[in-house]
Amino acid sequence: MSAIHEVTATTAGTVPLRRALPRLVRSPLDALVGFADEAGGEIVRLNFGTFRPYMVTHPTHLQHVLRDNASNYTRDGKGLLWRPVRRAVGEAILVVEGPLWESSRGVLQPLFTAKRVETLIDAMAAAIGEAVDALDEPARTGQAVDASDTLSRIVCQATMRVLFGDKISVPDAMRIVAALGTIATAMVPRLLVPFMPDAIPMPGDRAFRDAVRTIDDIVLPIISETLRRPDDGQDIFSTLCRPRMVNGQQITERQIRDDVVAMFSTSTETTIAVLSWLWPVLDTHPEVAARLVDEIDQVVGAEQLQRSHVAELRYTRMVLDELLRLFPAGWMIPRTAVESENLGGTRIPSGATILVSPYVTQRMAAFWERPGAFDPERFSPTAPRREHRNSYFPFGGGPHQCIGQYLFLMEAPLIIATLLSRFRIQMHGKGDLTPRMGASLRPRQSAQLTLVPVDRPRAS
Ligand code: HEM
């Protein structure tokens with residue numbers, strides 16, 4: 001029995017509805033961090049009326065939930081919090097547990113190991129370079145570009161090339177990204193009132209349905225075609241369409257569709273969301289911007305970006321680590337307790353909803369100095385070791401740990417370095433670092449950017 005069980009269990013402290021509600025209405029994300037700070041790392045129960053989840057924030061406790069006793073804290077795709085996500089991605093790797101999850105994870109994971117990702121760097125750098133070429137024209141004419149659209153196009157070109165075998169065209173990929181954006185916004189009312197039955201219409205439902213149809217019209221024909229003509233390609237369609245049995249039955253077209261959509265959404269939305277914070281951060285932290293540009297000038301200069309550059313972009317990586325601390329795309333990780341247990345002195349009843357949030361723990365004063373300050377130095381190799389190592393977990397942990405983390409950590413520096421080696425980027429207006437709550441965390445407004453070409457001869 002671990003130390004976690006050796007104390008007498010008490011009932012979790014509760015944040016009463018009358019105290020929780022006004023703060024949640026004003027600013028839900030600040031409210032969650034506030035409740036966690038006030039509880040000082042103890043498990044706290046949030047009273048949202050009929051929905052009363054337990055928020056687990058201490059690094060020791062969350063490691064227990066996500067990893068050490070993961071089999072007792074399942075994702076329970078049928079649970080309240082998952083319902084809106086399930087309506088979009090159905091039976092996908094992101095939602096289910098058991099044999100179906102094992103089968104999807106088993107076939108997809110080999111595509112994302114550190115070793116395989118390493119082999120994708122040059123193809124990805126080339127695709128990013130091609131997408132960034134399209135910015136030469138607005139840069140030459142001084143026309144502003146929208147940060148979200150620009151990032152979406154770059155990420156789509158890179159991701160469709162290395163993960164989806166160019167089977168989805170970039171314009172179609174952009175339509176899927178837009179549809180997923182609609183879904184993310186349209187599901188917020190249902191995330192806020194998760195106990196509302198599907199049969200009762202809510203704001204956002206129609207936009208949600210239309211967006212799902214847009215996605216299906218693009219991906220279903222590709223799946224049918226790949227099933228008709230199987231090949232040994234290493235892209236996501238070919239991999240998921242290979243025959244495999246789950247629970248004694250052949251995998252269905254619907255299940256393949258759900259995994260394709262989940263993989264599309266995780267591989268694009270997360271990267272776009274995290275990188276969309278770069279512009280407001282650089283605008284409000286000119287010293288970080290200067291150091292980042294300086295590193296990229298030194299390492300990349302006028303060269304075409306390639307594999308050998310990535311390991312040398314050390315400050316770029318520190319900036320990314322800090323972006324992932326303050327704005328982790330997967331900001332909420334819900335679980336359901338299978339059996340009751342005593343977690344760090346608090347009784348967790350069977351069936352309880354558990355909320356683990358990288359966003360919350362990574363901003364708690366108990367574990368981070370000046371938690372709200374953007375300071376990449378925290379991740380410097382010479383920084384003192386963190387007392388609570390597990391207070392940083394932007395990619396989750398345990399059996400469901402993100403399979404895309406190596407890909408992200410390769411792709412994001414390539415995008416930043418390609419852009420900043422070719423342009424000086426000015427953001428219009430003032431950078432605002434307050435996130436908008438949604439399926440992932442994005443700035444409240446997409447930045448408008450002016451790009452000034454860096455004047456130097458381009459090496460071939
Ligand atoms: C900034 C980038 C990203 C962040 C912050 C992030 C975060 C996370 C987190 C927190 C989880 C755990 C969910 C849970 O435990 O329930 C997760 C799972 C997952 N992520 Fe990511 N992710 C990122 C990028 C990606 C990318 C690029 C891909 C795909 C290429 C990806 C694919 C997945 C998948 C498939 C899962 C589910 C794994 C499973 O349940 O077995 N993610 N991610």
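This one's a predicted model, so the numbers in the text were calculated from it and none came from an experiment. (Residues numbered from 1 in each chain as written. Predicted model: local features only at pLDDT ≥ 70, side-chain atom pairs only at ≥ 80, totals over all residues. Heavy atoms only, no water.)

**Some points on helix 6 (residues 114-133)**
- An ideal rise of 1.5 Å per residue puts 28 Å on 20 residues; helix 6 measures up with 28 Å between its terminal C-alpha atoms.
- At I121, helix 6 is bent by approximately 40°, the largest bend along its length. (Helix = DSSP H or I, 4+ residues; strand = E, 2+ residues; numbered from the N terminus. Expected span 1.5 Å × (residues − 1). Bend = angle between axes of the 7 residues up to and from the residue.)

**A few points about the site of the ligand**
- Not every one of the 25 residues close to the ligand is listed here, only the nearest: R75, W101, R105, R335 and C402.
- Here an oxygen atom of the ligand sits 2.7 Å away from a polar atom, N or O, in the side chain of R75.
- At 2.7 Å from an oxygen atom of the ligand is found a side-chain nitrogen or oxygen belonging to W101.
- Those elements that place two or more of their residues in the shell around the ligand are helix 5 (98-108), helix 13 (253-275), strand 8 (333-337) and helix 19 (405-422).
- With five residues, helix 13 is the largest single contributor of residues to the shell around the ligand.
- The residue makeup of the shell around the ligand, split by class, is 15 nonpolar, seven polar and three charged. (Near = heavy atom within 4 Å. Polar contact = N/O pair within 3.5 Å; in protein donor to acceptor, adjacent residues only side chain to side chain. Nonpolar A, V, L, I, M, F, W, Y, C, P; charged D, E, K, R; others polar.)

**Remarks on the coordination of the iron atom of the ligand**
- For the iron atom of the ligand, the protein contributes exactly one donor atom, C402 (SG), at 2.3 Å.
- By the element assignment, C402 lies in the loop between helix 18 (358-361) and helix 19. (Donors = N, O, S within 2.8 Å, 3.2 Å for Na, K, Ca; no water.)

**A few points about the packing of helix 9 (residues 170-186) against helix 13**
- At a closest axis distance of 11 Å, the pairing of helix 9 and helix 13 adopts a crossing angle of 75°. Between helix 9 and helix 13, the interaxial angle falls into the category roughly perpendicular. On helix 13, the residues that touch A173, I176, V177 and L180 of helix 9 are F264, S265, T268 and I272.
- For the contact of helix 9 with helix 13, the per-class residue count stands at six nonpolar, two polar and no charged. (Axes fitted to C-alpha atoms, helices over the stretch in contact; angles between N-to-C directions. Parallel < 35°, antiparallel > 145°, perpendicular 65-115°, else oblique. Contact = heavy atoms within 4.5 Å.)

**Re unusual backbone geometry**
- One non-glycine residue, D166, adopts positive backbone phi at about 55°.
- Along the chain, D166 turns up in the loop between helix 8 (147-162) and helix 9.

**Examining the nonpolar core**
- F164, I168, W279 and L323 are the most contacted members of the largest nonpolar core, which has 130 residues in total.
- Beyond its immediate chain neighbours, meaning those up to four positions away, I168 contacts M160, A173, I176, I218, V219, I222, F237 and F264.
- If you look at the next biggest cluster of nonpolar residues, it comprises 16 residues, including L66, I333, I348 and F393. (Core = buried A, V, L, I, M, F, W, Y, C linked by side-chain atoms within 4.5 Å. Buried < 20%, exposed > 50% of the residue type's maximum accessible area, 1.4 Å probe, protein only.)

**So, the sheet that holds strand 12 (residues 423-427)**
- Pairing within the open sheet is antiparallel, and its three strands lie in the order 5-15-12. Single-partner strands in this sheet number two, and they are strand 5 (145-146) and strand 12.
- By the bridge criterion, five bridges tie strand 12 to strand 15 (residues 448-453) in an arrangement that is antiparallel. Paired with I425 across the strands is L451, a residue of strand 15.
- The strands that helix 19 touches are strand 12 and strand 15; relative to strand 12, the one it contacts most, it runs at about 95°. (Pairing = 2+ DSSP bridges.)

**With respect to the confidence of the model for the chain**
- Per-chain confidence: the chain averages 91 in pLDDT, with 96% of residues scoring 70 or above.
- Note on residues 1-7: pLDDT under 50 across the span, and 13 contacts to partners over four residues away in sequence or across chains. (pLDDT = per-residue confidence, 0-100.)

**Side note on the environment of E377**
- Relative to the assigned elements, E377 resides in the loop between helix 18 and helix 19.
- A C-alpha to C-alpha distance of 8.6 Å links E377 and E322, two positions 55 residues apart in sequence.
- Not counting chain neighbours up to four residues away, the residues in contact with E377 comprise R291, Y315, M318 and A383.
- Side chain to side chain, E377 and R291 meet in a polar contact 2.5 Å long.

**Section: the sheet that holds strand 2 (residues 44-46)**
- Across the sheet, which stays open at both edges, the six strands sit in the order 1-2-3-11-8-4 with mixed pairing between neighbours. Two strands close off the open sheet at either side, each with one partner strand: strand 1 (13-15) and strand 4 (73-74).
- As paired strands, strand 8 and strand 11 (residues 353-356) are joined by four bridges and run antiparallel to one another. Across the sheet, T336 pairs through a bridge with T353, a residue of strand 11.
- Here helix 3 (residues 59-68) sits on the sheet in contact with strand 3 (54-56), strand 4, strand 8 and strand 11, set at roughly 120° to strand 11.

**A short note on the packing of aromatic side chains**
- On inspection of all chains with the given rule, the structure shows eight aromatic pairs.
- Ring plane angle 55° and centroid distance 5.8 Å describe the contact between F164 and F264, whose orientation is recorded as tilted. Taken together, the positions of F164 in the loop between helix 8 and helix 9 and F264 in helix 13 put the pair 100 residues apart, joining distant regions of the chain.
- You can call F164 buried: its relative accessible area is 0%.
- Ring centres of F379 and Y392 lie 4.8 Å apart, and the angle between their planes is 50°; on these two criteria the pair is classed as tilted. Residue F379 is found in the loop between helix 18 and helix 19, and its partner Y392 is found in the loop between helix 18 and helix 19; the two are separated by 13 residues along the sequence. Accessibility classification places F379 together with Y392 in one group, the buried group.
- Every member of this aromatic cluster is reached through a ring pair, and the members are F164, F237 and F264.
- R325 extends its terminal NZ or CZ atom over the ring of W368, reaching a point 5.1 Å from the ring centre. (Phe/Tyr/Trp six-rings, centres within 6.5 Å; stacked < 30°, edge-to-face > 60°. Lys NZ or Arg CZ within 6 Å of the ring centre and 35° of its normal.)

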